[in-house]
Amino acid sequence: MEAALIIFALMVLFTFLGLGVYATVKVVQATKRGVDRTITQARRTVEDTTLRAKSFGQVGVTGALAQLRLDLRTSMRSTQQALHEGVRLDASLRESIALFEQLSAHGHELDGELKRLEQDPDRKRIAERLPDLRERTAKITQASDSLRWAARDRASRFAEDDLSALSAQIEMESGALRDWSPESVDHLAAAAAEWDAAQQTQQTQQAPQTQQREQPRKAALNPAAPAPEYPWQKTRRPESTT
């Protein structure tokens, strides 16, 4: 018996230890994700600030590459945020997100290529490739902007339809509330009074008929009057007479 209790206590202890370890791991993972997210956002902010400074402060190939990267990153980030916020209310945007993921692959590839070209010392060759790089960047940003504005237009359309339906319901409710005016109440009271008067008149007309029907019944309940005796009738003999 004591051995069974010890085994049970050890099992409970190990269970609590396992739950504690699991909770600790989950907390550590969540903290790590939060730290990684913060570091990524900070790194992204620093990189965007650097690109913006290069695009405004430098001319030539370096400034052109920085501007292309800045336009590409800004468009892709805005579209990603718009789609992920819109899919919470409209599940049909999942297909748009799938298309955006494919577009993001091309965007990441182009951004990496532009970043490598920023460090390339052969500015003449980079200048020769700038028209092609601008065209690729324009295609990706135009596709990204198209998805973003389509999602926003769809959300605006849904909001307008919802507002129109709500306005129609409010107008109907307002009309119903206006029907309960004092004049309508007076009309209802007059109609009720007329109905009561009609009921009283009908009862008054039915009362004499009821009395007439009751009088014969009362007469039928009274005993019959004795038959009159006349002098020419014979006297009845008693039944005992022989």
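Everything below is about the structure printed above this text.
For clarity, every value in this text was computed on a predicted model and none was experimentally measured.

Help me out: how do you make sense of the environment of alanine 82 in this one?
Summarising the element assignment, alanine 82 is placed in helix α2 (residues 61-86). Among residues more than four places away in sequence, those in contact with alanine 82 are Arg148 and Arg152.

So what exactly am I meant to see when it comes to the pattern of salt bridges here?
If the charged atoms of two oppositely charged side chains come close together, the side chains can form a pair. Throughout the structure, instances matching the rule amount to eleven salt bridges. Here arginine 125 ties to aspartate 122 by a salt bridge, and the two come within 3.5 Å at their closest N and O atoms. Note that arginine 157 and aspartate 161 form a salt bridge whose closest N and O atoms lie 3.6 Å from each other. Placement of both arginine 157 and aspartate 161 in helix α4 (residues 123-179) is noted, with a separation of four residues, approximately one turn of the helix. For aspartate 161, a relative accessible area of 36% puts it in the partly exposed group.

Is there a simple way to explain the packing of aromatic side chains in this structure?
Any aromatic ring pair is given by two values, namely how distant the centres are and how the planes are angled relative to each other. Applying the stated criterion across every chain yields a total of zero aromatic pairs. Sitting over the ring of tryptophan 149, arginine 152 keeps its end group 5.1 Å from the ring centre.

So what exactly am I meant to see when it comes to the layout of surface pockets here?
Where empty space is left becomes clear once a probe the size of a water molecule has been rolled over the atoms. Size it by volume and the second largest pocket reaches roughly 210 Å³. Considering the residues around the second largest pocket, the lining is formed by Ala82, Glu85, Gly86, Leu89, Asp90, Leu93, Ala151, Arg152, Arg154, Ala155 and Phe158. For the lining of the second largest pocket, the elements supplying multiple residues, two or more each, are α2 and α4. Take the lining of the second largest pocket: its biggest share by element is five residues, from α4. Split into classes, the residues belonging to the lining of the second largest pocket amount to six nonpolar, one polar and four charged.

Rules used throughout
- Here, residues in each chain are numbered from 1, in the same order as that chain's written sequence.
- A pLDDT threshold of at least 70 governs which residues receive local features in this predicted model, and a stricter bar of 80 or more applies before side-chain atom pairs are shown or counted, although totals over entire chains, interfaces and linings include all residues.
- No hydrogens and no water enter the side-chain calculation; it runs on all heavy atoms of the structure.
- Put simply, DSSP marks the helices as runs of H or I at least four residues long and the strands as runs of E at least two long, and each gets a number from the N terminus on.
- By definition in these notes, contact holds between two residues if any of their heavy atoms fall within 4.5 Å.
- Whenever a carboxyl oxygen of Asp or Glu lies within 4 Å of a side-chain nitrogen of Lys or Arg, that contact is scored as a salt bridge.
- To sort residues, take the accessible area from a 1.4 Å probe on protein chains only and compare it with the maximum for the residue type: under 20% means buried, over 50% means exposed, and anything in between is partly exposed.
- Only the six-membered ring of Trp is used, alongside the rings of Phe and Tyr, when aromatic pairs are assigned; centres must lie within 6.5 Å, and planes under 30 degrees apart are stacked while those over 60 apart are edge-to-face, with the rest tilted.
- Cation placement over rings: the criterion is NZ of Lys or CZ of Arg within 6 Å of the ring centroid and within 35° of the ring normal.
- Any residue with an atom within 4 Å of a point lines the site, the site being either a cavity, points on a 1 Å grid over the protein atoms alone where a 1.4 Å probe fits but cannot get out, or a pocket, an open set with protein on both sides within 12 Å along at least 5 of 7 lines.
- Grid points are joined across faces, edges and corners, and a volume is the space filled by probe spheres set on the points.
- In this classification, Asp, Glu, Lys and Arg are treated as charged, Ala, Val, Leu, Ile, Met, Phe, Trp, Tyr, Cys and Pro as nonpolar, and every other residue, Gly included, as polar.

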